[in-house]
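# An overview of the molecular structure
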Amino acid sequence: MRVSLHPGVTLTPIDEVAVLLDERTGRYRQLNATATLVLRSLLAGHGPAGAARELVRTYPDATPTAEADIAALVERLRAANLIVETADGEQAR
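Keep in mind that this is a model prediction, so the values were computed, not measured.

Calculation notes
Residues numbered from 1 in each chain as written. Predicted model: local features only at pLDDT ≥ 70, side-chain atom pairs only at ≥ 80, totals over all residues. Heavy atoms only, no water. 1 Å grid on protein atoms, 1.4 Å probe; cavity = no way out; pocket = protein on both sides within 12 Å on 5 of 7 lines; lining within 4 Å. Points joined across faces, edges and corners; volume = space filled by probe spheres on them. Helix = DSSP H or I, 4+ residues; strand = E, 2+ residues; numbered from the N terminus. Buried < 20%, exposed > 50% of the residue type's maximum accessible area, 1.4 Å probe, protein only. Polar contact = N/O pair within 3.5 Å; in protein donor to acceptor, adjacent residues only side chain to side chain.

### A short note on the layout of surface pockets
Put simply, the largest pocket is a space of about 150 Å³. Around the largest pocket, the lining residues are N32, T34, A35, V38, L55, Y59, A62, D69, I70, L73 and R76. The set of elements that each furnish at least two residues to the lining of the largest pocket consists of α1 (33-43) and α3 (66-79). With four residues, α3 is the single largest residue contributor to the lining of the largest pocket.

### A word on α1
A35, T36, L37, V38, L39, S41 and L42 are the residues of α1 that are buried. Two or three places before T34, at the start of α1, stands the capping residue N32, its side-chain oxygen 3.1 Å from that residue's backbone nitrogen. Immediately downstream of α1, the backbone of G45 shows phi near 90°, a positive value.

Pasting the structure below:
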């Protein structure tokens, strides 16, 4: 799975956290350091497994729940229409 930001959504890093701005609605969401790390990893093409490895490398205590936490974050971003997911090799529309 590849993840990209929905057209009209921008990610602005602020130190270790970030803000997602949905220019279509004017709404924004602040991401904590963990969510920022995971989203950046996903946007870099690492997929959920790669994002989990990065999360655990940075925050070893996250090991027991890393995969579930990433799935929950992806679901929230998807439900808010902030990301686009494509199968590997498929082009985002």
